[in-house]
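Working through the structure, step by step
Here's the letter readout for the chains.
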Amino acid sequence: MAAKLILGTEIREEILEEITAEVAEIKKKYGKVPGLVTILVGESPASISYVTLKIQTAHRVGFHEVQDNQSVDISEKDLLALIDKYNKDDSINGILVQLPLPKHIDDKKILNAIDPDKDVDGFHPVNVGRLMIGGNEVKFPPCTPAGIQEMIVRAGVETSGAEVVVVGRSNIVGKPIANMMVQKGKGANATVTIVHTRTKDLAFHCKRADILIVAAGVPGLVKPEWIKPGACVIDVGVNRVGEKPSAKDPKKMVAVLRGDVDFDAAKEIAGYITPVPGGVGPMTITMLMHNTLKSLKFKLGIA
């Protein structure tokens with residue numbers, strides 16, 4: 001029997017509807033809406049496309065959205081001053097700086113300049129520390145890991161006592177989702193193992209997993225024989241492996257995307273599985289909106 005698909009596209013719609021309703025309620029009661037600023041430096045087509053999607057989503061859920069485009073040659077000093085301006089702006093609850101930045105600007109210095117209480121990406125060291133402590137200390141979990149956990153919960157997968165194996169140790173996905181799954185609370189209470197490129201026997205560890213989260217960035221890394229029958233498989237990998245003609249316009253070429261898991265074979269073994277595309281991807285911006293709403297709620301004392 002084929003695995004049940006966990007579709008990020010569907011869960012995204014559920015969450016965005018919930019956010020829209022809550023924003024409307026807060027606006028009616030307090031006269032406030034979440035404020036989100038996105039700072040884009042330069043004109044990278046990929047960055048512009050991603051930022052545009054963030055803007056559209058923010059408008060959809062009723063946020064006050066500010067798009068601040070800056071020249072590629074802006075100085076590091078001026079960019080820091082811009083962030084300081086938004087740190088002090090009471091109408092702004094979330095500050096995003098779209099990466100990558102030009103080579104003359106230190107990414108780390110810029111991200112660390114954002115007020116941790118407006119760091120809705122969850123990358124500031126203060127928020128990383130809060131995540132590590134867990135419980136009520138957590139303000140903004142990183143968006144992709146938060147989306148993964150939400151998908152697991154909404155799919156009805158039991159996490160308490162489950163064996164979770166995370167393939168990948170990045171600061172953006174691997175480490176934070178492992179930390180989140182081991183905490184006390186909903187969608188957690190799991191026993192977590194992190195494996196990576198230096199792990200001696202990846203297959204051995206993957207076979208033990210009740211929940212297998214793969215974020216290695218290697219297409220087809222996880223073979224079907226590595227998957228425990230009935231396991232929940234979350235494939236975070238989005239790897240461009242070629243091009244094909246667009247279904248809408250055959251003259252236009254579009255990217256062929258593959259996950260880190262052999263999906264076609266794995267879906268016949270797993271109990272639950274996310275597709276690529278349409279799985280984890282749509283959840284990242286969704287949880288960004290969720291974190292921005294939380295930022296306003298913290299400010300209002302209603303979180």
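Scroll up for the structure.
All of these numbers come straight from a predicted model, not from anything done at the bench.

This paragraph deals with a negative patch on the surface. Together, Glu225, Asp262, Asp264 and Glu268 make up a negatively charged patch on the protein surface. Considering the arrangement of structural elements, one finds aspartate 264 in helix α9 (residues 263-266).

Moving on, we get to the sheet that holds strand β2 (residues 35-41). The strand order across the open sheet formed by three strands is β3-β2-β4, and the pairing between neighbours is parallel. Taken across any chain shown, the strands that pair with only one partner, and hence form the sheet edges, are β3 (64-70) and β4 (94-97). Taking each pair of neighbouring strands and ignoring which way they run, the sheet shows an average axis angle of 15°. Of the strand pairs in this sheet, β2 and β4 are connected by four bridges, and their pairing is parallel. Looking at β4, one finds that leucine 36 is bridged to glycine 94.

The next thing to look at is the sheet that holds strand β6 (residues 191-195). An order of β1-β11-β8-β7-β5-β6 is seen for the six strands of this open sheet, with the pairing classed as parallel. Sheet topology places β1 (4-5) and β6 at the edges, where each strand pairs with a single neighbour. Bridging between strand β8 (residues 232-235) and strand β11 (residues 272-273) involves two bridges; their strand directions are parallel. Its bridge partner lying in β11, cysteine 232 is registered against tyrosine 272.

With that settled, the discussion passes to the environment of proline 229. The residue proline 229 is located in the loop between β7 (211-214) and β8 in this model. For proline 229, a relative accessible area of 66% corresponds to the exposed category.

If you look at the biggest cluster of nonpolar residues, it comprises 45 residues, and the most contacted ones within it are Ile19, Phe63, Ile148, Ile211, Ile213, Ile234 and Met289. Of all elements in the fold, only α1 (8-30), α6 (143-154), β5 (163-167), α7 (174-182), β7, β8 and α10 (283-300) reach the threshold of two or more residues within this core. In terms of residues, this core owes the most to one element, α10, which gives seven residues. Leu212, Ala231, Ala266 and Ala270 belong to the second-largest nonpolar core, a separate cluster that totals 20 residues.

It is worth spelling out the packing of aromatic side chains at this point. Enumeration over the complete set of coordinates arrives at one aromatic pair. Over the ring of tryptophan 226 we find lysine 223; its NZ or CZ atom is 5.6 Å from the centre of that ring.

On to the environment of asparagine 69. If you trace the backbone, asparagine 69 turns up in strand β3. Residue class for asparagine 69 comes out exposed when judged on its relative accessible area of 51%. Among the polar contacts listed, one links the side chain of asparagine 69 to the side chain of glutamine 67, at a separation of 2.5 Å.

Let us now look at the layout of surface pockets. Over the atoms, a rolled probe matching the size of one water molecule traces out where space is still vacant. Of the volumes computed, that of the largest pocket is approximately 1,500 Å³. Taken together, 48 residues make up the lining of the largest pocket; nearest its centre are Tyr50, Phe123, Thr144, Ile172 and Thr284. Sorting the residues of the lining of the largest pocket by element identifies α1, α2 (45-60), α4 (107-113), α5 (125-133), α6, α7 and α10 as the ones contributing at least two each. With five residues, the single largest contributor to the lining of the largest pocket is α2. Taken together, the residues of the lining of the largest pocket break down into 27 nonpolar, 13 polar and eight charged.

Cut-offs applied
Residues numbered from 1 in each chain as written. Predicted model: local features only at pLDDT ≥ 70, side-chain atom pairs only at ≥ 80, totals over all residues. Heavy atoms only, no water. Patch = residues over 30% accessible without salt bridge, like charges linked within 9 Å, V, L, I, M, F, W, Y side chains within 5 Å. Areas by Shrake-Rupley, 256 points an atom, 1.4 Å probe, with all protein chains shown as cover. Salt bridge = Lys/Arg side-chain N within 4 Å of Asp/Glu carboxyl O. Lys, Arg positive; Asp, Glu negative; His and termini not counted. Charge placed at Lys NZ, Arg CZ, Asp CG, Glu CD. Helix = DSSP H or I, 4+ residues; strand = E, 2+ residues; numbered from the N terminus. Pairing = 2+ DSSP bridges. Axes fitted to C-alpha atoms, helices over the stretch in contact; angles between N-to-C directions. Buried < 20%, exposed > 50% of the residue type's maximum accessible area, 1.4 Å probe, protein only. Core = buried A, V, L, I, M, F, W, Y, C linked by side-chain atoms within 4.5 Å. Phe/Tyr/Trp six-rings, centres within 6.5 Å; stacked < 30°, edge-to-face > 60°. Lys NZ or Arg CZ within 6 Å of the ring centre and 35° of its normal. Polar contact = N/O pair within 3.5 Å; in protein donor to acceptor, adjacent residues only side chain to side chain. 1 Å grid on protein atoms, 1.4 Å probe; cavity = no way out; pocket = protein on both sides within 12 Å on 5 of 7 lines; lining within 4 Å. Points joined across faces, edges and corners; volume = space filled by probe spheres on them. Nonpolar A, V, L, I, M, F, W, Y, C, P; charged D, E, K, R; others polar.

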